Each structure stands twice: as C-alpha cells, then as structure tokens.
Amino acid sequence: MDENTQEPKKLNFIEEIIENDLASGAVKSVMTRFPPEPNGYLHLGHAKSICLNFGLAQKYGGKTNLRFDDTNPSKEDTEYVDAIKEDIKWLGFQWDKERYASDYFDQLYEWAEDLIKRGLAYVDDQGQEEISKGRGTVEKPGTDSPFRDRPAEENLQLFRDMKAGKYADGEKVLRAKIDMASPNMMFRDPILYRIKHESHHRTGDKWCIYPMYDYTHGECDSIEHITHSICTLEFDVHRPLYDWFIKTLGIWPSHQYEFARLNLTYTLMSKRKLLELVQKNLVSGWDDPRMPTLCGVRRRGYTAEALRMFCDKIGVSKRDQLMDIQLLEWCVRQDLNERSNRYMCVQTPLKVTITNWEKGKVEWFDCPLNPADPDGAKRKVPFTGEMYIEKEDFMEDAPKKYFRLKPEGEVRLKYTYIIKCEEVVKDAEGNVVELRCSYDPSTKPGVGEWRSVKGTI
RNA sequence: UGAGAUAUGGUGUAAUGGUAGCACUACAGAUUCUGGCUCUGUCAGUGAGGGUUCAAAUCCUUCUAUCUCAACCA
C-alpha cells in the first residue's frame, strides 16, 4: 500500500496527551525513560514498555534515557544490567543517556535532609511490625508513630547517624510526615530510607542507607527532565505521592502516566517467578527457549521485528490486558515467513524406490531457499533411485481429503518429479517398509507443460 | 463497610453526540510445487437500569463487575 494514502494510525491515549502537551506548550520536547530494576532479565512485558517509551520519543522527536532503578542492593547485580542493555539493543532501540538511580544518591540524601529540616520527615525507631500495624488497613486509618513529633534537630542528627552506620539494619527508618489517616495508603508516612549494610553493585560500601522507590523515582525523573514518565497501572495510587515529592521539593515537574501491563495467555510474566524457575534449575537459564524472556524468545527464533510488530498491534490502554498468545505467534509467523530459508528433513523415514530410474544416476535440482523469492538464493537437492519420505506422507487406506501418497496415487516430490505409488512392500508383521514408485520424466520442472497434482511432499 | 482505576464480539483495540470499524482467534470456501502464506466469506460486541436528545458506546444518574493499594520490593 502507498505510504501516503495510508490512513493515519489512530492515536493511543498517551500520544494524545503528548500531542496536547506539545500543542499547549506544556512541554517543549518529549523525554521518556525506560527504568528497569536490574534484578532479573527483561521479558515480553518489558518489550511493550520499551516499544512504548522509545517509540513515543522517536515519534515526537524526543529522547529516551535508560535508567536503572537500583535502590535495593540486595536484589541487584551487574549481570542484569548487562543483559538488559543487550536486550534493548537487540529489540532495536538506542537510549540517549545511561543513568542509574544510584547516580543521584547524594542529591536524594540532600533533599531528605531538607525535608527533615522543614519538619516533613522524621526518624522512626519502630520495628517493621509496629510500623505495619500503625499504618492501619485500607479501611481503617493508621495511627501516628510515637516518634512522629521528634524535633527536626534530633531527626537530623539521627539521620546522619543512620548514614554514618551507627545503627543496625532495621533499627531505624526515615519517614515522610504526611497523613496517617489518608485514604490513600501511600500517604501514611511512607518510608524514605532504610538501613541496609550491604554492598551496592555500583556504589560499593559508600552507603548503608538506601532510598525507597517512591522517594526515588519521581526525583530521578525530575532531574532528567522526563516529560512523560510512563509506567504500569499498579502505580497509579503512587502518583499522588510522586507529585507530592516533586511539589514539596519544588523541583522540575515530571508527570507520571499509567498504562495496562501486558499479560499473555499461558505465559508466566512475573520476574519473581521466572527467577524461581532459574534458581531451581527448572529451566536451563534465563535464555531457555521456553522462557518468555527476550533472550529466551530470541533463542527460540523470534525476531525483534516480530516483537515490535506485536507491540504495535496490541495497543495501549488502561484496561487490564490479557493478550491471546496466538497474536504474538501470528506476528512471528508473519515476519519469519518472509525471511526464513526453507529446508527439508525426514524425521520418520519410509523408503521409496524409483523403479524406472536409471541405476546409480543422480540428478541435481535447484531449490529456492525462500519460495517468496524464487530468483533468490538456491540450494542443490539430489534425486536418485532410492529416497526416503516421511512415514506420515503415505497412507494405505487414505480418506478422501488425504492429498499425499497412497496406493496408485500420485504426488510431487517438492521441486522435482511427480511419482506414482505402484507397490507397497510390507514386512512379516504387515508394516509398510518400502514403497515402489515410478517417476514421470515429463514432469521435470521448467521443462514442458506444468502438471499439477494435489499433493506435494 | 476506604481510596483509586477500568468496563465495546472469545481476545485485544478504534469510533470524543450522527452508519459500532479493524486485527487475532474460530468456522466455511478459493488458491497453492509447504495441509504454510495469500484471498473471500461467516459467526460474534457497547456490563445493567433509568434519564437528556431528532439522534447516546459517547452526556447525566443509580447500580453491578473486575483490577490496584495495608514490603524497611520495584
């Protein structure tokens, strides 16, 4: 179809937001980010996010940063960082800047002190269980921590001591002072920092306190001037908090938008569970061809083009999405059909003897590697007096709609002659062990009139 | 019995007050030097009730269903 006469594709809801923002001048250009946590390999669900984030920026002349959300050293590793980068490149995208949440640890810390000084954050000595209890439930408001009203000076000292390593893991946390009775659980004094005496894959032992996701993500977006921070639906209750930090800190106003994550029928799409399969050796690794990881489907033979086509077709919305895996497979077939070479093999052989073939003669035929490109590359296939066909390609008592070989039946051996089954040879048990056939010399491809038969094997 | 989000064929996704369209699936047929591809056709949808309007998937209203949130995970 002519590109120019093609109807413009309908905008998805995020594209609409972007076009409005661009038109109203709310943003000058588009900046997105893809923010994986380096704690596992990328899977098909990430492909959707990658295509969206990079695709949007591409479409509107913007850029996309790759930012690793590495705020939890106990789960993260450089092995994952490398694999993630490789997979994104393979999918066909190039990021602008490579960044890490850990690049901003100093800035984040400074802002935390700022919040403390302004009476908006406090150090809580309660243990995990007490904090959890104090948070209340979705239906019942929480209660204030007994440490909530510590003076700013004391909080500052305590926080600096936390950073200096004076306390053990879990002994203290830094919390934002917002509203323990908020109907949104996210506002019930969320934890900003926790103590973890653990080595970080990038910052080593510099830190023993690490920021939490909610405190980190919006600020990182802001620092990088991300205009459209696109994430999955489950984060929508986090958005008010995301906005709260940006507003309270008075920093560059990034905005978050949510879309439905991709689910596939018959497919496990949880990093946690995929990790379990790997750790329990139930699969040979992250790139086991049965895995829905990008490296897994790549090994399986899926192409990046097919994946991009799939992501383009599934659309973007806020409805929970459970895609039929058959659409993915259709995309893969579509792409592979055009580009893959064809070869033949026989898995369960049945001997065929050509009775009227000159003994010892070998005739070579040129077979196109891809039938869609008959003038393209060829390979040579020999035709001799003794060959093997797939056992399934012969039936003694064939139903009407069976188009392959049967007694007295004709079939073309692909790219070569038509043969006719003259005699069926059986062993003592009555199993078919050999077919004695004649070939029709007049059916040589490219010579004389083309004769069609129903079956080609 | 909290807050937020979402409801269109089996699955996804369009239609932004004016003919409910497209893709995948399924089924039927045509074609075929791959029982593939391609082509044609068929089945099939606005969660429910009320209201506004000449006209409602779309606006108003009541209800229902589903998902998310109570990690010192992201």
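Per chain, residue numbering runs from 1 following the sequence as it is written. For naming, the first written chain is A and the first written ligand is 1, with later ones following in the order written. In keeping with the model being predicted, local features are shown solely for residues with a pLDDT of at least 70 and side-chain atom pairs are shown and tallied solely at 80 or more, while totals for entire chains, interfaces and linings include all residues. Only heavy atoms go into the side-chain values, all of them from the structure, while hydrogens and water stay out.

*Asks:* For this particular structure, what's the right way to read the packing of aromatic side chains?
*Replies:* For any pair of aromatic rings, the description consists of the separation of the ring centres together with the inter-plane angle of the planes. Only Phe, Tyr and Trp rings take part, Trp by its six-membered ring, and two of them pair if their centres are within 6.5 Å. Stacked means planes under 30 degrees apart, edge-to-face means over 60, and tilted covers everything else. This structure, assessed with the given rule, holds 22 aromatic pairs. Considering the side-chain rings of W244 and F245, the 5.3 Å spacing of their centres and the 80° angle between planes classify their relative orientation as edge-to-face. Under the scheme applied here, a residue whose accessible area is under 20% of the maximum for its type counts as buried, over 50% as exposed, and between as partly exposed, the area being computed with a 1.4 Å probe on protein chains only. Look at W244 and you get buried, because its relative accessible area is 19%. Among the aromatic side chains, those forming a connected cluster through ring pairs are F105, Y109, F159, Y193, W207, Y210, Y215, W244 and F245. A ring has a charge above it when a Lys NZ or an Arg CZ is no more than 6 Å from the ring centre and no more than 35 degrees off the ring normal. Stacked on the ring of Y109, the Lys or Arg K163 has its end atom at 4.5 Å from the ring centre. One residue, R300, lies across the ring of Y302, its end atom 4.9 Å from the ring centre.

*Asks:* What is the right way to look at the environment of K166 in this model?
*Replies:* The helix count covers DSSP runs of H or I at least four residues long, the strand count covers runs of E at least two residues long, and both are numbered beginning at the N terminus. With respect to the helices, strands and loops of the structure, K166 is situated in the loop between helix 6 (152-164) and strand 5 (173-176). The class for K166 is exposed, based on a relative accessible area of 59%. Separated by 42 residues in the primary sequence, K166 and C208 place their C-alpha atoms 9.7 Å from one another.

*Asks:* Any chance you could explain the protein's contact with RNA strand B here in plain terms?
*Replies:* If even one non-hydrogen atom of a residue comes within 4 Å of a molecule or strand, that residue is called near it. Close to RNA strand B lie 61 residues; T71, S317, R319, R342 and W450 are nearest. For RNA strand B, the backbone makes up 65% of the atoms found within 4 Å of the protein, where backbone means sugar plus phosphate. The contact in question runs from a phosphate oxygen of RNA strand B to an N or O atom on the side chain of R194, over 2.8 Å. N or O atoms closer than or at 3.5 Å make up a polar contact, with two conditions inside protein: a donor-capable atom paired with an acceptor-capable one, and, for residues adjacent in sequence, both atoms drawn from side chains. Contacts to RNA strand B include D320, whose side-chain N or O atom sits 3.2 Å from a sugar or linking oxygen. At six residues, helix 12 (residues 325-339) tops the list of elements feeding residues into the surface near RNA strand B.

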